[in-house]
Amino acid sequence: MSPTSTKSSSTVFETGKYTTVVVKAEAATSCLGKNKASSVTVPPPKQLLIATPSDTEAGEFPVLLLLHGYLLYNSFYSQLIQHIASHGFIVIAPQLYTVAGPDTTDEINSTAAITKWLSEGLQGFLPNSVKANLHKLGLAGHSRGGKVAFALALKKSLTSKFSAIIGIDPVDGTDKGKQTNPAVLTYVPRSFDLNMAALVIGSGLGEIKRNSLFPPCAPNGVNHKDFYNECCEPACYFVVKDYGHTDMLDDETPGIRGKASHCLCKNGKSREPMRTFVGGIMVAFCSACLKGDLSALTLIRDAHETLPVELQTMDFVM
């Protein structure tokens, strides 16, 4: 558990005022933390990365679950989750699988199990002075993880109620009519019965093929446009021009899968601007939904905030 230095900031697109740490919670019997009430470790159903304000930052903080994209590792999102945590959130990124087929049922059920575990075991993995406010709980997912997030939110019998949902370039299959099971998109406008605010972030290059050998990473008919079209108010929608489907990941993503994240999708010139925007807009949205502070979203909506990227689309009903 090593701290990351931060600086005071007045914008969501800069590092926040909280010093952060990243804790790895293993799903087996590894003793990385102790439950404060029972002094017994309660391991999570899946391995987790937890970005949280450090022990020097006493307080109670909202919680956000972030689900990774197809065949990616949760560690690829470490810079993103630390950015969000530096603004006063506890961000949990589970590793839902290492190999997966077309069906996402196991991922939906695993995320539901992790959500249930939060009240049983999360506190044992947090710094002593940091408390999790599970009454302020958000759910986010990237790519296939975005589909899983929406699928879980729509299955209210599986989990407790979330207060906000975020789809980061969500994808529901390879093409319209070729959705992965269970299908989320119905192609009926405003049909998602979520009972919470939604944020959908899209990449302008996600629907473009990188080359003739591979399909686009976020194809038309199953991408961010279709997810947002089914979201009811309140909802926000941002499409970032000139950046791609994996441009919100860490600058360095090691291994074969990390290299593939650079070469399978049409990408922008660098990841930092897109990642900065995604982290900042998530902070602004979660501050509104989980902290009741709409000031950052309002500044962005009214074009009083300088953005690190150029937007292709912005729709805002909050």
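That block above? That's the structure.
Here's a quick rundown of the structure.

The rules we used
- Residues numbered from 1 in each chain as written.
- Predicted model: local features only at pLDDT ≥ 70, side-chain atom pairs only at ≥ 80, totals over all residues.
- Heavy atoms only, no water.
- Helix = DSSP H or I, 4+ residues; strand = E, 2+ residues; numbered from the N terminus.
- Buried < 20%, exposed > 50% of the residue type's maximum accessible area, 1.4 Å probe, protein only.
- Contact = heavy atoms within 4.5 Å.
- Salt bridge = Lys/Arg side-chain N within 4 Å of Asp/Glu carboxyl O.
- Phe/Tyr/Trp six-rings, centres within 6.5 Å; stacked < 30°, edge-to-face > 60°.
- Lys NZ or Arg CZ within 6 Å of the ring centre and 35° of its normal.

1. Quick notes on the environment of Pro219
Here is step 1 of the chain: Relative to the helices and strands, Pro219 resides in the loop between strand S7 (197-203) and helix H4 (224-230).
Here is step 2 of the chain: According to the relative accessible area criterion, Pro219 is buried, its value standing at 8%.
Here is step 3 of the chain: Between the C-alpha atoms of Pro219 and Glu207, which are 12 residues apart in sequence, the distance is 4.7 Å.
Here is step 4 of the chain: With residues near it in sequence (within four places) discarded, Pro219 still touches Val171, Gly173 and Thr174.

2. Considerations on the pattern of salt bridges
Between side chains of opposite charge, pairing is possible as soon as their charged atoms come close.
Here is step 1 of the chain: Counting across every chain of the model gives seven salt bridges.
Here is step 2 of the chain: Its salt-bridge partner being Lys147, residue Asp172 comes within 2.3 Å of it at the nearest N-O pair. Pair noted here: Asp172 is in the loop between strand S6 (164-168) and S7 and Lys147 is in helix H3 (residues 144-154), with a separation of 25 residues, a long-range link.
Here is step 3 of the chain: As a salt-bridge pair, Arg301 and Asp302 come within 2.9 Å of each other at their nearest N and O atoms.
Here is step 4 of the chain: Overall, Arg301 belongs to the partly exposed group, its relative accessible area being 38%.
Here is step 5 of the chain: What makes Asp302 partly exposed here is its relative accessible area of 34%.

3. What about helix H1 (residues 78-85)?
Note: α-helices contain 3.6 residues per turn, so residues at a spacing of three or four share the same orientation.
Here is step 1 of the chain: The buried fraction of H1 is high, at seven of eight residues.
Here is step 2 of the chain: Those residues of H1 that fall on the buried side of the exposure criterion are Ser78, Leu80, Ile81, Gln82, His83, Ile84 and Ala85.
Here is step 3 of the chain: Those residues of H1 that are buried are in contact with strand S1 (20-25), strand S2 (48-53), strand S3 (59-67), strand S4 (90-94) and helix H6 (272-291).

4. Some thoughts on the packing of aromatic side chains
Here is step 1 of the chain: Considering all chains together, one arrives at nine aromatic pairs under this definition.
Here is step 2 of the chain: Aromatic side chains Phe13 and Phe277 sit 5.9 Å apart centroid to centroid with 15° between the ring planes, which places their arrangement in the stacked category. Of the two residues, Phe13 is situated in the segment before S1 and Phe277 in helix H6; the sequence distance between them amounts to 264 residues.
Here is step 3 of the chain: The buried category is assigned to Phe13, whose relative accessible area is 9%.
Here is step 4 of the chain: Plain terms: the ring middles of Phe238 and Phe277 are 5.9 Å apart, the flat faces sit at 70° to each other, and that makes the pair edge-to-face. Placement of the pair is Phe238 in strand S8 (residues 235-240) and Phe277 in helix H6, with a sequence separation of 39 residues. Take Phe238 and Phe277: they sit in the same class, and that class is buried.
Here is step 5 of the chain: Here the aromatic residues Phe13, Phe238 and Phe277 are joined through ring pairs into a cluster of three or more.
Here is step 6 of the chain: Over the ring of Tyr97 we find Arg144, and its NZ or CZ is 5.5 Å from the ring centre.
Here is step 7 of the chain: Positioned over the ring face of Tyr228 is Arg190, at 5.4 Å from the centre of the ring.

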